[in-house]
Amino acid sequence: MPGSLLTSGREVTSRAAPPSPTSPGPTTADAAPKPRLAVFVSGGGSNFTAIHAGILAGDINAEVAVVVSDVPGCGGWKYAEAHDIPTVIYPKTKRVEADVQWAGQALSPDALVAAMKDTYKADFVVLAGYLKLIPEGLVRGYKHAMVNIHPALLPSFGGHGCYGSKVHEKVVASGVRFTGPTVHFVDEEYDTGAIIAQRVVPVYPTDTPTQVAKRVLKQEHQVYPEVVSALVDGRITFREDGVPIMWSAH
Ligand code: GRF
């Protein structure tokens, strides 16, 4: 495992042997296919954009194979189309069916699972502001390969019904003085999967939920690309009790 520990202030030196200075560098023939991401969005897609920017900058060794959304035409969807990334509608909603442009195109849960594995060959699933439930079959098929970002410090301010601006309203109403994003693995429940990384920002007593959301989102755009990079590199290991440990690349 390369690098040092990223999930606490303590730095742990890698046990991996450093590369031999005499070994040849990678050649074109050695180039492995990049890990493939399926990114799920429901809204503006700023986290997706931040992750894609990390890919374009060479900081994340992956490619986006497909974008899935329950809201075709949302910001994340438009970004995908503008970058020639395939798009898929899931699930079937009244809103989709009422729109002549999209009616009949949404996938069933089984078709979604099959499409991710067989058509798009996704190695990892990244939930980036996706607000619908994920089919159990997909969660099972991507154990420790599906991540989500939540805009508060889990296990506080999470769970069913606690999403989007509601999270920040609850944070402000509670009087807590700190909040921040949590990136976690996805399991069968809402917001209960193992925590991979968190960032902390202050909450001032005079803050509005909108001000808090803005402060948290800025951190989301930093921590999520870092976690996705570690995930695709295999730089996340597990403590004996299942707690993830994220390692730096260096
Ligand atoms: C973010 O705050 C994220 O934490 C939450 O939904 C929001 C999505 O924002 N899950 P964006 O669509 O990535 O801009």
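Below is a short write-up of the structure. Position numbers for residues count from 1 along each chain, tracking the sequence in the order it is written. Restriction of local features to residues with pLDDT of at least 70 applies here, the model being predicted, together with a cutoff of 80 or more for giving and counting side-chain atom pairs; totals for whole chains, interfaces and linings are based on all residues. To get the side-chain values, all heavy atoms of the structure are used, and hydrogens and water are removed first.

### Things to note about the sheet that holds strand 3 (residues 87-89)
Point 1. The sheet built from seven strands is open, its strands ordered 3-2-1-4-5-7-8 with mixed pairing. Every interior strand has two partners, whereas the edge strands, strand 3 and strand 8 (195-198), have only one. Going from strand to strand, the sheet's axes swing by 20° on average, the running direction of each strand aside.
Point 2. Between any two strands, at least two bridges found by DSSP are needed for them to pair. Under the DSSP-based scheme used, a helix requires at least four consecutive residues in state H or I and a strand at least two consecutive residues in state E, with every element numbered from the N terminus. As paired elements, strand 1 (residues 36-41) and strand 2 (residues 63-69) share six bridges and run parallel to each other. Following the sheet pairing, R36 is matched in strand 2 by E63. Here the axes come from fitting lines to C-alpha atoms, over the contacting stretch only for helices, and the angles between their N-to-C directions go from 0 to 180 degrees.

### Notes on the packing of aromatic side chains
Point 1. Aromatic rings from Phe, Tyr and Trp, with only the six-membered ring used for Trp, were paired whenever their centres fell within 6.5 Å, and each pair was classed as stacked if the ring planes differed by under 30 degrees, edge-to-face if by over 60, and tilted otherwise. The final tally for this structure, using the stated rule, is four aromatic pairs.
Point 2. Seen from their ring centres, F40 and Y130 are 5.1 Å apart, and the 85° between their planes marks the pair as edge-to-face. Linking F40 in strand 1 with Y130 in the loop between strand 4 (124-127) and helix 5 (136-141), this pair joins segments that are 90 residues apart in sequence.
Point 3. For the pair W77 and W102, a centre-to-centre distance of 5.3 Å together with 75° between the ring planes defines the contact as edge-to-face. Placement of the pair is W77 in helix 2 (residues 75-82) and W102 in the loop between helix 3 (94-97) and helix 4 (109-119), with a sequence separation of 25 residues.
Point 4. Only protein chains enter the accessibility calculation, which uses a 1.4 Å probe; a residue whose area is less than 20% of its type maximum is buried, one above 50% is exposed, and one in between is partly exposed. The class of W77 is buried, set by a relative accessible area of 3%.
Point 5. When its relative accessible area of 11% is taken as the criterion, W102 is described as buried.
Point 6. By definition, being over a ring means that NZ of Lys or CZ of Arg is both within 6 Å of the ring centre and within 35 degrees of the ring normal. Positioned over the ring face of Y142 is K117, at 4.1 Å from the centre of the ring.

### Here we look at the pairing of strand 5 (residues 146-150)
Point 1. Within strand 5, five of the five residues are buried, leaving the element largely enclosed by the surrounding structure.
Point 2. By the alternation rule, side chains of strand 5 split into M146, N148 and H150 and V147 and I149, which are all buried.
Point 3. Where strand 4 meets strand 5, three bridges bridge the pair, whose relative direction is parallel. Pairing of V125 across the sheet is with M146, part of strand 5.
Point 4. Strand direction decides the pairing type here: strand 5 and strand 7 (residues 182-185), joined by four bridges, are antiparallel. Residue pairing across strands places V147 opposite F185, the latter belonging to strand 7.

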